[in-house]
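# Topology and contacts: notes
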Protein chains: 2
Amino acid sequence: MNQPSPEHARQMANAIRMLAVDAVEQAKSGHPGAPMGMADIAEVLWHRHLRHNPANPRWPDRDRFVLSNGHGSMLLYALLHLTGYDLPIAELKAFRQLHSKTAGHPEVGVTPGVETTTGPLGQGITNAVGMALAEKLLAAEFNRSADGVDHTIVDHFTYAFAGDGCLMEGISHEACSLAGTLRLSKLVLLYDDNGISIDGHVGGWFTDDTPKRFEAYGWHVIAAVDGHDPAAVDASLHAARAQAVRPDGRPTLICCKTVIGMGSPGKAGTHDVHGAALGAAEVAATRAALGWTAAPFDVPRDIACAWDARERGAAAERSWRMRFEAYRSAFPDAADEFERRITGRLLPALADQLPSLLAAIADRPQALATRKASQNVLDVLAPLVPELFGGSADLTGSNLTNFQGCVTAGRDRWGNYLSYGVREFGMAAIMNGMALHGGYLPYGGTFLTFSDYSRNAIRMAALMKIRVIHVFTHDSIGLGEDGPTHQSVEHIPSLRIIPGLDVWRPADGLETAVAWVSAIARQDGPSVLCLSRQNLPRLTSIGQVSAIERGGYVLSGMEGAQAVILSTGSELALAMAAQARLACEGIATQVVSMPCTNVFDRQSLAYQEEVLPLALPAVAIEAAQPDFWHKYVGRGGLVIGMTRFGESAPAQDLYPHFGITTQRAVEAVRRLVHGTAYAEAARSAESVVLEGQ
Amino acid sequence: MNQPSPEHARQMANAIRMLAVDAVEQAKSGHPGAPMGMADIAEVLWHRHLRHNPANPRWPDRDRFVLSNGHGSMLLYALLHLTGYDLPIAELKAFRQLHSKTAGHPEVGVTPGVETTTGPLGQGITNAVGMALAEKLLAAEFNRSADGVDHTIVDHFTYAFAGDGCLMEGISHEACSLAGTLRLSKLVLLYDDNGISIDGHVGGWFTDDTPKRFEAYGWHVIAAVDGHDPAAVDASLHAARAQAVRPDGRPTLICCKTVIGMGSPGKAGTHDVHGAALGAAEVAATRAALGWTAAPFDVPRDIACAWDARERGAAAERSWRMRFEAYRSAFPDAADEFERRITGRLLPALADQLPSLLAAIADRPQALATRKASQNVLDVLAPLVPELFGGSADLTGSNLTNFQGCVTAGRDRWGNYLSYGVREFGMAAIMNGMALHGGYLPYGGTFLTFSDYSRNAIRMAALMKIRVIHVFTHDSIGLGEDGPTHQSVEHIPSLRIIPGLDVWRPADGLETAVAWVSAIARQDGPSVLCLSRQNLPRLTSIGQVSAIERGGYVLSGMEGAQAVILSTGSELALAMAAQARLACEGIATQVVSMPCTNVFDRQSLAYQEEVLPLALPAVAIEAAQPDFWHKYVGRGGLVIGMTRFGESAPAQDLYPHFGITTQRAVEAVRRLVHGTAYAEAARSAESVVLEGQ
C-alpha cells in the first residue's frame, strides 16, 4: 500500500490530532490524549495496512478494527471521516451531542465503520479475540480448493488498539491467554504504552513486564517500538502479518511507546490531557507546535486526498467479489450457505421442521432437568442451525451445553464448540465479538450465579442488539449442596431489568424448547436461559406452544378464578399443586406461567389483562429475590421468594427450609381471597414477602 | 516446627485424603480431587509453617490461610478438625447438610478458622492480597521501636492455595499484578498445578507459562516443585519466608506439580475425581492403596496426636501476647488503638462530634454534586475514622474518593489510600480481604456502571456480612456525554436486591453525610453509595437527619395529600418541583425521599404506612430501570424511569429526551388523582412506565 513521505505521514497523523482536539474543544468534553498519542500508529495501520472499503462497512472479508480504549473515540471518528466513510465533518462537529453519529464512545450500529461498542475497558480486546476466532473458524469451514485452485474467501486480519487500562483489566488476561492457546495468529494488538492513566503515572499501580506477560501467553511480541516513528510501526506490522501465515503463527502484541497528548506543548505526557478539552490557549499552542494552519475541522486538500481510501477500498472489495464468484462457480451451495451465514438468516428447514420437533419433545412425558432438556433441544436443533457455536466456561458436563456430534475447536482444529476455560467474562465478550463478526450464533454456559462475572458483557450485547445466547444452569437453591456462593438469589430479577435482554426461565422441556427457538429466532438482541439442575415434571403440552412464545400465559385456568398464582421454572409445579389443593377447598385459581417477562411485556395490553386480570389478587412464587414480582402482583399481592442467601444442603431440604412450598402458596391465596392479607399485610411491601423460618 | 519422618508425613497427608474421601462419599456430593491432590502440600504448610492457634481463630497476628479453590473445602475442614479447631468429627460427617458447620464451600462466620468465603474462583487469591496488604499497612502503622527495642506486633504471613481455575480467572491478573507492584512479600501462593479442570485436561484451553507470567508481575517464583514431595514443598516455603524479609522481598508463587485425586488408584489424574464422590468400590481401593486401615472418619491416635496444634498454637499466641503487653507498656495509646481497630469499634469522638459536623454540612446552602458532597464528608470524617482506607479503580479525580491529607500507599510507603489501577473487581475483592483481616474499613470508587465488573465481590461482602463501602459515582444519565456504555440504567435496582447490601442514593449533601455515617456505623454488611456527577440543590435540613437515617421519609408533606411522589437522588428535586406545581392546581401531594430502600424495609410497618400510605396512589421518579418501584407504588402506580439505555449527550439534553422531568411527574399525579390512569393504564405494568419519545 501507499508509503507516504515522513513529512506527509506526519501531516496525516496531525490531521487526526487536530480533528480530535477541535471536536473535544467544541464539545467541551471528551478524551484528546489517546487520539493524539496514537495518531502516528493509526496513520500507519489505517493508511498502509488496513484492508477495508469505506463505501461498504459490511464487506464480509474486511479487516476488523477495534478501538478497545474506546474513550479515544475521536481517533476512530477522525479515521472514518478521513478515509471516506459516511461520516461527514458535520458529525464530527456534533461530537457527543444528542442524535449525532459521534457518541462519546464508539457505538456499533450508530456510526458506519464502527465494529463494536467499546468503552468498558478490556472488552474491546476480547471482542477482537472473538472476531479473530470467528475468522479462523469460518476460514476453516468455507475456504477450500478445487482443481488445484485455492478458493480463499475468508482471510482477514483483526487489529485492536488498547491502552494501559485495557491491559490492567482482568478480562485482558482471560482473552489473551485463550488467544495464545488457540494461536489466533491474525490478531494484532497494538498497545499504546504511554505510562499514564487517570490517577497519574502508572508506575504506582501497574508495573507489569507486559512483553513477558504476553510471551507467557504464547504470543508473538514485538517490544519497544517507538509509537511516533512510522517506519518502526510499519515494520512491526509487516512482521506481524508475515508471521501470521506461518504454520506456528501466533497472535502479535506490538508494544508502542508513546506520549499521551503528543503535539500539545503544555500537556503532552500528563494525565491532564487524558479526558478533558485542552482549552483555547493550549489548542492554539498545539496548532502552532504542529505547524497546523488550517481552521478548526478543516483538513488541507492534499492531506485529505492522501487519506481518502475509497478507491483503494472499492478495488479491494471488487477483487474479493471476483474471488467469491469463482468460489460460487466451484461450490455453489457453500457460497449460498456463506452468504446466509453472514447475513444471519436462518435455514428455511428450521421453520419447516420445527412443528414436528416440538411435537416430539411434547410427547416425552418424563421429568427432566431443564439443563438436560436444553441439551436434548440442542441435539435436534444443531443440525438445522449449523451457525450455532457452543461452549462453556469449564462446566460442559454440568451445563450440558455440548450436543451430539459437536466438535470442540482447538489450536489446529475447526469446531463448533469451545471449552473456554474458567473465563466467564472472557467467554461472554468473545461471544459478542463472534456475533459482531458474523457467521456464527454463539452460545455459552456457566452457573447462573457466575453471570455476575460476565454481567457487563451481557449488557453490552443488549446495548449492541446482537444475537448471543447465555445458558445459565443451576439457577436457584435447587442447586443444593454447593451452597450460597453458587445459589443464585438475585440474579434472575437483576438480569430481567437489563434493557433489551430476554431472560427465559422455562419450567419444563417444551418451555425450554420454545425458549431456545425464540432466542435463536431473535435478531435484535441477546437472550438468557436460566435452567434447573434438578428434574422438573412435564407441565405443558403441544397446544401451548404459541402461548409459551408470548412469554407469559394461562397454563391452567378455572371458571370463576378468584386469584392468580404466577410462577416460573422449577416453582411452576408448586403453583399447579397449590391450584389443585385450593380447588378442593372451593377456591378457584388461575395459574400463570411466565417463562419470559420481557417477552410478555411486549404483548398487547388486552392480552396482558387476560393473563393477569387487574381485578384478581395475585400470588407469585419463584425461588429468587421477590421484589421484582410486585410489578405484576402489585403492592398488595403476595410473593413467595428468597430474601436471604441460600444454604448448603440437598435441594429437597432447602425448599421447605426457605418456605418455597405448595403449602405456602396455598396459604397465600387463602389470605388474599379471604381478605386478611390483601388489605392488611399489604401495608408493607416487606410484609408480603413470605419466607420460611 | 515439627519435622515428621517421611512415612509419618505421608500418613498425616493420608488422614486428610481419607477424611475428604469419606465425607464426600457420605454426602454423595463434593470435590475429593483437590484435597487428595493437595494433601501433601497441606501437611507441610499447616504442620510445619502455619502459625495459628486453633483455640482462638481470632488471634490478630495469626497467619492467614485462604483456600481459593474453595470447592476443595474438605481439605480445609480436615485441617481444621485435625489441628484442633472447634470442628468435631460429627460436623465432617454432616458435610454439606443443612445447619452443619461444613458447607459445600468454606464460609467465614460459619466454620471456626475459615478466614474468607471462597468458591467463586479467583476471589480467594484476591482476598489474600487484601489480607497481605492489610498486614503490611498495619505493620507500618503500629510496629515501632522504643529504647532500642523493636516492638513488632503485626508480623504474619498470608498463604493461599489456588488451582488452575483461579489462575484462569481475570481477577487473578488484577490481584497478582497489583500484589507484585506493591511488593506484598509476605503473601505466598501455592499453585496446585494438576493440569485438570472440569472440561478435562487443561492443555486445550490453558497453556500459560505461569511462572513466566508471575515473573512478569514481579513475583518471586519457585517453579517445578513436586507437590507430593514434602521435602521439596518444605524447602520452597522456607525460601519464600526467607526472601519475604529481604528489603526487596516479593510475593512468592510456588508452582506445585500434583496429581488430582492422588491416592485413588482408578481415578487419580482424571477429571472424574474433581467434583463427584468416588463411589464405594473406589473408596475401598483408595483405602487399600494408601494402606489406610482405619474406619471411615477415624484417624489413628498417633496421626491425630501429630496433627494436634493446640499446644503449639497456644504457645505462639502466648508469646505474642507477651510482646503485645510490652508494646502496651511502651505505647499505651497505640495498643488501645490497635485493639479498637482490630475489633472494629468506632472512636467515641465520632459520635460526640457528629451532631456538629452534620449541622455544619446542613448549613451549607450551595448546590453540589453528591460525589463532591461525599468528598466534603470524607474531609471531616476521616480524622475521626482513622481506619478508613480509601481508593479508586483509577478514577480518583472523578470519584472524588480522596480527602484532605490522605496518603497514597505505595511499594515502600504506608498510606490510607490506594490507586488500585483499572481493576474494579480486584479492588472490591481486595477490600473484602482487608475487611476480613481487620484493622481497616475499606472503601473504593468507580463509576456506577462498572459495579458490573465487581458485582460478585459485592455479593460476597454481603454474604460474609463484612463492612466495606463502595462509592459509585456518575450514577445515571446525569453522567452525560460519555454515553450509554457509562450510564447506569439497571444498576441501582439490581444492587438493591442483593440480600444484605444497603444501597444509598442520596439527594443532597446532608443525605450524603447520613449515608456515609450509616455505612460506617453498620457492622454487619456492606454499603453502596450511588452519587451524582452533576450538581444537585440542597433539599433537606438538619431536623431531618433522623428521618434520613430511616432510609425513607416524608421530605415534604401536605395537609390532605391526594398522592405520593416518591424519588431518590438527582430526581428528588423534580419531585419537589412537581409538588409545588400541583399545589397551584389544588392537588396536595406528599413527597417521599427514599435514599435507601433496604434500610426503609427494616422499619416498622406503622412507619412504612405513614410514609407510603396504602390508600394513596403513588408516582415514583428515578432515572433508572423502573420495575423495582412497583414494590412501593403497586401495579397501579406510575413510574417515571428509563426502560432503554441512555444516550451520549449533555445531561441537560438527556433528561427531557427521556422524559425524566417535573412535567411528567405532574402529569402522572394528575392522571392518578383524576382516576384516568389508576384504573386503566394500570392494567399493564408496562403501560404505567412513562418515558419520553
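Every chain is numbered independently, its residues counted from 1 as its sequence is written. All chains are assigned letters beginning with A, and all ligands numbers beginning with 1, in the order in which they are written. Given that the model is predicted, a residue must reach a pLDDT of at least 70 before its local features are reported, and side-chain atom pairs must reach 80 or more before they are shown or counted; all residues, however, enter totals for whole chains, interfaces and linings. Calculated side-chain values reflect all of the structure's heavy atoms, with hydrogen atoms and water omitted.

### Things to note about the interface of chain A and chain B
The contact criterion used is simple: two residues touch if any of their non-hydrogen atoms lie within 4.5 Å. With 113 residues of chain A at the interface, the matching set in chain B holds 113 residues. Joining two parts hides part of their accessible area as seen by a 1.4 Å probe, and the buried area is that hidden amount summed over both. Summed over both sides, the interface of chain A with chain B buries roughly 9,300 Å², with 56% coming from carbon and sulfur. For chain A, the biggest contributors to the area lost against chain B are Y453, R459 and R635 of chain A; these three give 8% of the whole. In the sections that follow, a salt bridge refers to a side-chain nitrogen of Lys or Arg positioned within 4 Å of a carboxyl oxygen of Asp or Glu. Along the contact surface separating chain A from chain B lie 10 salt bridges. R455 of chain A serves as the salt-bridge partner of D452 of chain B, at 3.3 Å between the closest nitrogen and oxygen. Polar contacts here mean pairs of N or O atoms no more than 3.5 Å apart (in protein, one a potential hydrogen donor and the other a potential acceptor; neighbouring residues in sequence count only if both atoms are side-chain atoms). Linking chain A with chain B are 54 residue pairs in polar contact (both at pLDDT 80 or more). Residue polarity follows a fixed list, in which Ala, Val, Leu, Ile, Met, Phe, Trp, Tyr, Cys and Pro are nonpolar, Asp, Glu, Lys and Arg are charged, and the others, Gly among them, are polar. Taken together, the residues of the side of chain A that touches chain B sort by class into 41 nonpolar, 42 polar and 30 charged.

### A closer look at the pattern of salt bridges
One pass over the full model with this rule turns up 76 salt bridges over all chains. One salt bridge in this structure joins K631 of chain A and D601 of chain A, with 2.6 Å as the shortest N-O distance. Taken together, the positions of K631 of chain A in helix α25 (residues 630-633) and D601 of chain A in the loop between α23 (597-600) and α24 (605-611) put the pair 30 residues apart, joining distant regions of the chain. Residue K631 of chain A shares its accessibility class with D601 of chain A, and that shared class is buried. The closest approach of N and O atoms between D508 of chain B and R538 of chain B, which form a salt bridge, is 3.4 Å. Here D508 of chain B, found in the loop between β15 (502-504) and α20 (509-521), pairs with R538 of chain B, found in the loop between β17 (535-536) and α21 (545-548); they are 30 residues apart in sequence, far enough to count as distant. Given the relative accessible area of 1%, D508 of chain B is considered buried. Burial classes: relative accessible area under 20% of the type maximum marks a residue as buried, over 50% as exposed, and values in between as partly exposed (1.4 Å probe, protein chains only). Take R538 of chain B: its relative accessible area is 19%, and that puts it in the buried class. When salt bridges that share partners are traced, they join E141, E337, R340, R341 and E387 of chain A into one network. A run of H or I in DSSP counts as a helix once it spans at least four residues, and a run of E counts as a strand once it spans at least two, with each numbered from the N terminus.

### Let's talk about helix α27 (residues 662-673) of chain B
What sets the pattern is the α-helix's 3.6 residues per turn: residues three or four places apart point alike. Residues and elements named next belong to chain B. Over its 12 residues, α27 extends 16 Å from the first C-alpha to the last, a length consistent with the 16 Å expected when each residue adds 1.5 Å. Turning to α27, its buried residues are T662, R664, A665, V666, A668, V669 and L672. Positive backbone phi, at 80 degrees, marks G675, one or two positions downstream of α27. One less than the number of residues in a helix, times 1.5 Å, gives the span that helix is expected to have.

### Overview of the pairing of strand β5 (residues 187-193) of chain B
All names here are of chain B. Of all the seven residues making up β5, seven are buried; the element is thus mostly covered by neighbouring parts of the structure. Two strands pair if DSSP finds at least two bridges between them. Here strand β4 (residues 158-163) runs beside β5; their pairing, made up of six bridges, is parallel. Across the sheet, A162 pairs through a bridge with Y191, a residue of β5. Two strands pair when backbone bridges link them, and β5 and strand β9 (residues 252-257) are joined in this way by six bridges, in the parallel orientation. In the strand pairing of β9, D193 is matched with K257.

### Topic: the pairing of strand β11 (residues 388-392) of chain A
Residues and elements named next belong to chain A. Most of β11 is tucked away, with five of its five residues classed as buried. Here β11 shows no split at all, with L388, G390 and S392 on one side and F389 and G391 on the other all buried. Bridging between β11 and strand β13 (residues 441-447) involves three bridges; their strand directions are parallel. Within β13, the residue paired with S392 across the bridge is G445. By the bridge criterion, three bridges tie β11 to strand β12 (residues 417-419) in an arrangement that is parallel. Bridge pairing links G391 to L418 in β12.

### Considerations on the environment of A284 of chain B
Residue and element names in this part refer to chain B. Tracing the sequence through the fold places A284 in helix α10 (residues 280-290). For A284, a relative accessible area of 46% puts it in the partly exposed group. Measuring from C-alpha to C-alpha, the distance between A284 and S264 comes to 9.3 Å, with 20 residues separating the pair along the chain.

### With respect to the relation of the copies chain A and chain B
The copies were overlaid by least squares, fitting only the C-alpha atoms of residues that reach a pLDDT of 70 or more in each copy. Mapping chain A onto chain B calls for a rotation angle of 180 degrees and an axial translation of 0.0 Å; the resulting RMSD is 0.0 Å. Expressed as a symmetry operation, the mapping of one chain copy onto the other fits a two-fold axis. A symmetric contact is evident, with 100% of the interface residues of chain A recurring at the interface of chain B.

### Here's the deal with the sheet that holds strand β11 (residues 388-392) of chain B
Residues and elements named next belong to chain B. Pairing is parallel in the open sheet, where six strands are placed in the order β12-β11-β13-β14-β16-β15. If you trace the sheet from one side to the other, it starts and ends with β12 (417-419) and β15, each paired once. Averaged over neighbouring strand pairs, the angle between their axes works out to 20 degrees when direction is ignored. Relative to strand β16 (residues 527-530), β15 is paired through three bridges, and the arrangement is parallel. Note on β16: the bridge partner recorded for V503 is V528. For helices, the fitted axis covers only the stretch in contact; all axes are lines through C-alpha atoms, and the angles between them, taken along N-to-C directions, range from 0 to 180 degrees.

### Brief notes about the UniProt feature "domain: Transketolase-like pyrimidine-binding" (unreviewed entry) in chain A
UniProt positions are given in the numbering used here, feature names are shortened, and annotations may be inferred rather than shown by experiment. UniProt marks residues 368-539 of chain A with the feature "domain: Transketolase-like pyrimidine-binding" (unreviewed entry), using the numbering shown here. Annotated as 37% helix and 18% strand, the span residues 368-539 of chain A places its first and last C-alpha atoms 11 Å apart.

### So, unusual backbone geometry
Residues and elements named next belong to chain A. Residue H99 is not a glycine yet carries a positive backbone phi of 70 degrees. The residue H99 is located in the loop between α4 (89-93) and α5 (123-142) in this model. On the basis of relative accessibility, which here comes to 65%, the residue H99 falls in the exposed class. Phi is positive for R183, close to 50 degrees, though the residue is something other than glycine. Its place among the elements puts R183 in the loop between α7 (170-182) and β5 (187-193). Residue class for R183 comes out buried when judged on its relative accessible area of 18%.

### Digging into the environment of D412 of chain A
Residue and element names in this part refer to chain A. Relative to the helices and strands, D412 resides in the loop between α16 (396-399) and β12. Judged by relative accessible area, D412 falls into the exposed class, the value being 69%. Sequence-wise, D412 and V385 are 27 residues apart; in three dimensions their C-alpha atoms are separated by 24 Å.

### Considerations on the side chain of T589 of chain A
Tracing the backbone shows T589 of chain A in strand β20 (residues 589-593). Apart from the residues within four sequence positions on either side, T589 of chain A is in contact with S556, G557, M558, A561, A563, I565, Q579, L582 and V669 of chain A.

### Focus on the packing of aromatic side chains
Residues and elements named next belong to chain A. Each pair of aromatic rings taken from Phe, Tyr and Trp, with Trp reduced to its six-membered ring, is defined by centres within 6.5 Å and is described as stacked if the planes are under 30 degrees apart, edge-to-face if over 60, and tilted in the remaining cases. This model, assessed by the stated rule, comprises 44 aromatic pairs over all chains. Ring geometry for W46 and F65: centres 5.2 Å apart, planes at 80 degrees, overall edge-to-face. Remark: F65 occurs in strand β1 (residues 64-67) and W46 occurs in helix α2 (residues 33-49); sequence separation between them is 19 residues. On the basis of relative accessible area, W46 is assigned to the buried category, the value being 2%.

### What to know about the packing of helix α14 (residues 348-363) of chain A against helix α15 (residues 370-381) of chain A
All names here are of chain A. Relative orientation of the contacting elements α14 and α15 amounts to 145 degrees, with a least axis distance of 11 Å. Note on packing geometry: the crossing formed by α14 with α15 is right-handed. Where α14 approaches α15, its residues L350, L354, L357 and I361 are matched on the opposing element by V377, V380 and L381. In this scheme the crossing of two helices becomes right-handed for a clockwise turn of the near helix relative to the far one and left-handed for an anticlockwise turn of less than a right angle.

### Structural notes on helix α9 (residues 230-244) of chain B
Residues and elements named next belong to chain B. Compared with the 21 Å implied by 1.5 Å per residue over 15 residues, the 21 Å span of α9 between its first and last C-alpha is a close match. Along α9, the residues classified as buried are P230, V233, D234, S236, L237, A240, Q243 and A244. Each element contacted by the buried residues of α9 is listed here: α1 (6-27), α2 (33-49), β4, β5, β8 (220-226) and β9. Taking the backbone nitrogen of A231 as reference, a side-chain oxygen 3.0 Å away marks D229 as the first, capping residue of α9.

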